[in-house]
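Tertiary structure, described
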Amino acid sequence: MLKATVILDRDYEIGPVDPRLFGGFAEHLGRHIYEGIYEPGHPTADEQGMRQDVIGLVRELNMPVMRYPGGNFVSGYDWKDGVGPHDQRPVRLDLAWKSTEPNTFGTNEFVNWCRKVGAEPLLAVNLGTGGPQEARELVEYCNHPGGSAWSDLRRAHGYEKPHDVKLWCLGNEMDGPWQMGYKTAAEYGRIACETAKLMKWTDPGIELVACGSSGRTMPTFGAWELEVLQHVFDHVEYLSIHTYFGNADGDTPGFLAKPDAMDDFIEETVALCDAAAARRKSPRRIMLSFDEWNVWYHSHGPRPEPWLTAPHMLEDVYTFEDALCVGGMLISLINHADRVKIACLAQVVNVIGAIMTEAGGPAWRQTIFHPFAQASANGRGIVLRAIVRSPVYDAKERQEVPYLKTAAVVHPDTGELVLFCLNRSLDEPLAVEVDLRAFAPLQVAEWSALRHDNLKAANTAENPAAVAPAEHRGATVDQGRLSAVLPEASWNVLRLREI
Ligand code: AHR
């Protein structure tokens, strides 16, 4: 049997998890907004047209932050189209996704929805076709108490109190040629800097995210960060990074190794941020906002005919192995809690979504819902630096991949220790022994395992619980050592509590 050992010491801390690590992303794309979160006439719709079945599921994911309205969509979006009386809002062509945008859902509806799901809004401004003026006007509309044209317009729209939106993204993926208003690093750095100044002069209490690279394989990765940070270093708190993984060639061992490239991407981007700091002899540290991450590949291919409203697109039906990959990505995020302060699962409903809906019908949990919900529920504490010795395998694009991928979070208030463990062996169980030195005596309170005999199993409207976590037994703690045999191809959450 494969055997791995882990050493955990209560004093070896990576740092506290910022709850915003478990955020989401909602874009005007396909059926995310319309038929996803907003569907007046749906049997569960509330008085504002929001689907309460979806609200319930998003609350289960417990996402403290929600990014909106894009994504690629934001780079052609005029926020003024989405506020005010519904019958006066223009219908627009969205060039990002070749769809027709009715604008019946906009900033105010989004903020309302955020309050219902318990999330703080993270609003992106348009730095593609838009610029500093529109961006700062949106800050004034949302956050200024009143007595100015834009804040009084908000009040006239029925929102007397400011929305108090604290977090803002300076555009989206501006390094990508697919982006409306795509820019060189120097062009983006300049406009981001000027936009940041105006936005913070309008409301000094806000925090800003500048665009980093939209992927580690971007040809400009590295050079982009250094140039952009030259311009915005003193004006922003966070730099964004984005990653999507897929298994298009059916190479599951290679697919499950991919989260380790997320570790590399984070560490390289941190190095770039710190190089920018060193260059100006600054003790300031730019933190990361991993504001798009997920598995995305099932829906690559032909797109729907253009100019439909809320077309079915990017509706990946996730499999069990996708959930394992997402579990690995969550472990990567947790293990970098010292520098990744915000992360957004991209996306939440229907569009590469953790939740799927049918128009007029049910909503259900996709496979990837489960590792996310479990990490969000159990991963908020202090992350420990685990010393892992695991047998390894060679994947096509990566050598010496440890079968065991793990993160450990201790909860100081309760003394509880939570281990997230991924066994990447497809055919062998993995015996794990954890040396719990310097912990008070612990016992296993719960072991939840996500596993399935079929790597391609999926949840559907007809069978929504085909893939779901189940209680697992057999873990013991003896003389400060935890022993557990992780089933082959499994995601595991082990909760240990003080005796
Ligand atoms: O999440 C889907 C798309 O992926 C987003 O609109 C874009 O930012 C990224 O390329």
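Description of the structure in this document. (Residues numbered from 1 in each chain as written. Predicted model: local features only at pLDDT ≥ 70, side-chain atom pairs only at ≥ 80, totals over all residues. Heavy atoms only, no water.)

Next up on the list: the sheet that holds strand β22 (residues 442-450). Whether parallel or antiparallel, the strands of a sheet pair through hydrogen bonds between backbone atoms. With antiparallel pairing, the 7 strands of this open sheet are ordered in space as β2-β15-β19-β20-β26-β22-β23. The open sheet is flanked by β2 (13-16) and β23 (470-471), the only strands paired with a single partner. Relative to the sheet, helix α9 (residues 320-334) contacts β15 (382-384), β19 (404-411), β20 (416-423), β22 and β26 (490-498), its axis offset from that of β19 by approximately 55 degrees. Contacting β19, β20, β22 and β26, helix α10 (residues 369-378) crosses the sheet at an angle of about 20 degrees to β26. (Pairing = 2+ DSSP bridges. Helix = DSSP H or I, 4+ residues; strand = E, 2+ residues; numbered from the N terminus. Contact = heavy atoms within 4.5 Å. Axes fitted to C-alpha atoms, helices over the stretch in contact; angles between N-to-C directions.)

Okay, the pattern of salt bridges next. Within the structure shown, the criterion is met by 42 salt bridges. Aspartate 263 is the salt-bridge partner of lysine 405, the closest N and O atoms lying 2.7 Å from each other. Linking lysine 405 in strand β19 with aspartate 263 in helix α8 (residues 259-279), this pair joins segments that are 142 residues apart in sequence. With a relative accessible area of 6%, lysine 405 lands in the buried category. The class of aspartate 263 is buried, set by a relative accessible area of 13%. One continuous salt-bridge network, built from bridges that share partners, spans Arg216, Asp264, Glu268 and Arg398. (Salt bridge = Lys/Arg side-chain N within 4 Å of Asp/Glu carboxyl O. Buried < 20%, exposed > 50% of the residue type's maximum accessible area, 1.4 Å probe, protein only.)

What follows covers α9. Here α9 contains 15 residues, and its C-alpha end-to-end distance of 21 Å stays within 8% of the 21 Å for a straight helix at 1.5 Å per residue. Of all 15 residues in α9, 15 are buried; the element is thus mostly enclosed. (Expected span 1.5 Å × (residues − 1).)

For the rest of this paragraph, the subject is the environment of isoleucine 241. On the secondary structure map, isoleucine 241 appears in strand β10 (residues 238-245). For isoleucine 241 and proline 283, which are 42 residues apart along the polypeptide, the C-alpha to C-alpha distance reads 22 Å. Each residue touching isoleucine 241, except ones within four places of it in the same chain, is listed here: Ser213, Phe265, Ile266, Thr269, Leu288, Ser289, Phe290, Asp291 and Glu292.

By the secondary structure assignment, histidine 28 is in the loop between β3 (23-25) and α1 (52-61). Using a relative accessible area of 4% as the deciding quantity, one classes histidine 28 as buried. A polar atom in the side chain of histidine 28 sits 3.0 Å from the side chain of glutamate 101. Contacts of histidine 28, omitting those with residues within four sequence positions, involve Ile33, Tyr34, Tyr68, Pro69, Phe73, Asp94, Trp97, Glu101 and Phe105. (Polar contact = N/O pair within 3.5 Å; in protein donor to acceptor, adjacent residues only side chain to side chain.)

Turning our attention to the packing of aromatic side chains. For the structure on display, the rule yields 17 aromatic pairs. With a centroid separation of 6.1 Å and an interplanar angle of 65 degrees, the aromatic rings of tyrosine 68 and phenylalanine 105 are classed as edge-to-face. In this pair, tyrosine 68 is assigned in strand β4 (residues 65-68) and phenylalanine 105 in the loop between β6 (99-101) and α2 (107-117), connecting sequence segments 37 residues apart. By the burial criterion, tyrosine 68 is buried, and phenylalanine 105 matches it. Aromatic pair tryptophan 79 and tryptophan 150: ring centres 5.5 Å apart, planes at 65 degrees, arrangement edge-to-face. With a gap of 71 residues between them, tryptophan 79 in the loop between β4 and β5 (92-94) and tryptophan 150 in helix α4 (residues 149-156) connect regions that are remote in the sequence. The exposure class of tryptophan 150 is partly exposed, given its relative accessible area of 21%. Its guanidinium or amino end placed over the ring of phenylalanine 369, arginine 365 lies 5.6 Å from that ring's centre, counting from NZ or CZ. (Phe/Tyr/Trp six-rings, centres within 6.5 Å; stacked < 30°, edge-to-face > 60°. Lys NZ or Arg CZ within 6 Å of the ring centre and 35° of its normal.)

The element α2 is largely enclosed, with a buried count of 9 among its 11 residues. Here α2 has its buried residues at Thr107, Asn108, Glu109, Phe110, Val111, Asn112, Trp113, Cys114 and Val117. Taken together, the buried residues of α2 touch α1, β4, β7 (120-125) and α3 (132-143). Note on α2: the residue one or two positions beyond its end, glycine 118, has a positive phi of about 80 degrees.

Moving on, we come to the packing of α1 against α2. With their axes 9 Å apart at the nearest point, α1 and α2 run at an angle of 60 degrees to one another. Overall, the two elements α1 and α2 adopt an arrangement that is oblique. Contacts from Ile55, Val58 and Arg59 in α1 reach Trp113, Arg115, Lys116 and Val117 in α2. (Parallel < 35°, antiparallel > 145°, perpendicular 65-115°, else oblique.)

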